[in-house]
Amino acid sequence: MTCFDRQDLGLLLLRLGTGGVLAAHGSQKLFGWFGGGGIEGTGAAMEAMGYSPGRQSATMAGLAEAGGGALLALGLATPAAGAAAAGAMAGATAVHAPNGFFAVGGGYEYAASLALTAAGLAITGPGRLSLDHALGHAVNRGWMVPAALAVTGAATAVVVGLRNRRVREAAEFEQETLFDE
């Protein structure tokens, strides 16, 4: 029998806490649990935030958060789980960025913290108290870390870039109509 060290226990706590929060957050989007809007309500909100189509955006964000969070908590497919969760939270960070850093003012502090923790877990790995370890790291290979982060980073950049363009164009259109005579 092996003795688990502080690092394994620390990684377990990080995975359970971060993964649990992300899974609950995604469940709000997907199922309307914990006071969430479900796919319909979240889809309408996503559309208003510039993510289009809203329903598809809500589904993808919900799956990345709930699925990535649950997998992080279990320590299974950690590179993909952490990257997916980090990508979803990067999208949330983009929405909150105009409000500054601190969450008290509607800023991106909370979303960025979750994104960085999820990315850090993807890179560090789940530790020995995980399903990845129990399964011989079949879905947690070294090459999977840069692959998962690169694919997620590229997809997130495209999605957030399109969202930012929509928001910018909507603001330009609104400003133009202010001066119409």
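Per chain, residues are indexed from 1 in the order of the written sequence. Local features in a predicted model are, by the rule used here, given only for residues with pLDDT of at least 70; side-chain atom pairs are given and counted only at 80 or more, and totals for whole chains, interfaces and linings are based on all residues. Side-chain calculation: all heavy atoms of the structure are included, whereas hydrogens and water are not.

Undergrad: Quick question: what am I supposed to make of the packing of aromatic side chains here?
TA: Each pair of aromatic rings is reported with the distance of its centres and the angle of its planes. Aromatic rings from Phe, Tyr and Trp, with only the six-membered ring used for Trp, were paired whenever their centres fell within 6.5 Å, and each pair was classed as stacked if the ring planes differed by under 30 degrees, edge-to-face if by over 60, and tilted otherwise. Following the criterion strictly, the structure yields four aromatic pairs and no others. Where Trp-33 meets Phe-34, the ring centres are 6.4 Å apart and the plane angle is 90°; that geometry is what we call edge-to-face. The cut-offs for exposure are 20% and 50% of the maximum accessible area for each residue type, with area from a 1.4 Å probe on protein chains only; residues under the lower value are buried, those over the upper are exposed, and the others partly exposed. Judged by relative accessible area, which is 46%, Trp-33 ranks as partly exposed. We classify Phe-34 as exposed; its relative accessible area is 58%. Ring geometry for Phe-101 against Tyr-108: centres 5.3 Å apart, planes inclined by 85°, an arrangement best described as edge-to-face. Looking at Tyr-108, the relative accessible area reads 28%, which means it is partly exposed. Through a chain of ring-to-ring contacts, three or more aromatic side chains come together here, namely Phe-31, Trp-33 and Phe-34.

Undergrad: I keep staring at the layout of surface pockets and nothing clicks. Help me out?
TA: Gaps left between atoms show up when a probe the size of a water molecule is rolled over them. Of the volumes computed, that of the largest pocket is approximately 920 Å³. Contributing to the lining of the largest pocket are 40 residues, with Met-46, Ser-57, Ala-61, Ala-88 and Gly-91 lying nearest its centre. The helix and strand labels rest on DSSP assignments: H or I over at least four residues marks a helix, E over at least two residues marks a strand, and numbering proceeds from the N terminus. Mapped onto the lining of the largest pocket, the elements with two or more residues apiece are helix 1 (6-31), helix 2 (38-49), helix 3 (54-74), helix 4 (78-96), helix 5 (109-124) and helix 7 (144-178). Across the lining of the largest pocket, the residue classes tally to 22 nonpolar, 15 polar and three charged. Site definitions follow a grid-based scheme: protein atoms alone, a 1 Å grid, a 1.4 Å probe that fits but cannot get out for cavities, and for pockets an open set with protein on both sides within 12 Å along at least five of seven lines, plus lining residues having an atom within 4 Å of a point. Grid points are joined across faces, edges and corners, and a volume is the space filled by probe spheres set on the points. Note on residue categories: nonpolar means Ala, Val, Leu, Ile, Met, Phe, Trp, Tyr, Cys or Pro, charged means Asp, Glu, Lys or Arg, and polar means any other residue, Gly included.

Undergrad: In this structure, what is going on with the packing of helix 1 against helix 3? I would like to understand it.
TA: Only the contacting stretch of a helix is used when fitting its axis, a line to C-alpha atoms as for every element, and angles between N-to-C directions run 0 to 180 degrees. As a packed pair, helix 1 and helix 3 sit with axes 7 Å apart at the nearest point and diverge in direction by 155°. As judged from the angle between their axes, helix 1 and helix 3 are roughly antiparallel. The chirality of how helix 1 crosses helix 3 is left-handed. Residue-level inspection shows Arg-15, Leu-16, Gly-19, Gly-20, Leu-22, Ala-23, His-25, Gly-26, Ser-27, Lys-29 and Leu-30 of helix 1 in contact with helix 3, the latter providing Ala-58, Thr-59, Ala-61, Gly-62, Leu-63, Glu-65, Ala-66, Gly-69, Ala-70, Leu-72, Ala-73 and Leu-74. In these notes the angle categories are as follows: under 35 degrees is roughly parallel, over 145 is roughly antiparallel, 65 to 115 is roughly perpendicular, and the rest is oblique. In this scheme, a crossing is called left-handed if the near helix is turned counterclockwise away from the far one by less than a right angle; it is called right-handed if the turn is clockwise. The criterion used for residue contact is that any of the two residues' heavy atoms lie within 4.5 Å.

Undergrad: What's the story with the nonpolar core in this structure? I'm lost.
TA: One broad rule of soluble globular proteins: the nonpolar side chains tend to lie buried together. Nonpolar cores are built from buried Ala, Val, Leu, Ile, Met, Phe, Trp, Tyr and Cys residues. Side-chain atoms within 4.5 Å join them into one set. Formed by Leu-11, Leu-22, Leu-72, Ala-81, Ala-85, Ala-86, Met-89, Leu-114, Ala-115, Ala-118, Ala-119 and Leu-121, the largest nonpolar core amounts to twelve residues. For this core, the element with the highest residue contribution is helix 5, accounting for five residues. Core analysis: the second largest hydrophobic core is formed by seven residues, Met-46, Ala-58, Ala-61 and Val-95 among them.

Undergrad: How should I be thinking about the pattern of salt bridges in this particular structure?
TA: Oppositely charged side chains can form a pair if their charged atoms are brought close together. Just to be clear on terms, a salt bridge is a Lys or Arg side-chain nitrogen sitting within 4 Å of an Asp or Glu carboxyl oxygen. In this structure the tally under the stated criterion is five salt bridges. Linking Glu-65 and Lys-29 is a salt bridge whose minimum nitrogen-to-oxygen distance equals 3.0 Å. Within this pair, whereas Glu-65 is found in helix 3, its partner Lys-29 is found in helix 1, the two being separated by 36 residues in sequence. A relative accessible area of 12% places Lys-29 in the buried class. Taking the shortest distance from any N to any O, the salt bridge between Arg-55 and Glu-40 comes out at 2.0 Å. Of this pair, Arg-55 sits in helix 3 while Glu-40 sits in helix 2, placing them 15 residues apart in sequence. Glu-40 sits in the exposed class, given a relative accessible area of 57%. Salt bridges sharing partners connect three or more residues here, namely Asp-5, Asp-8 and Arg-128.

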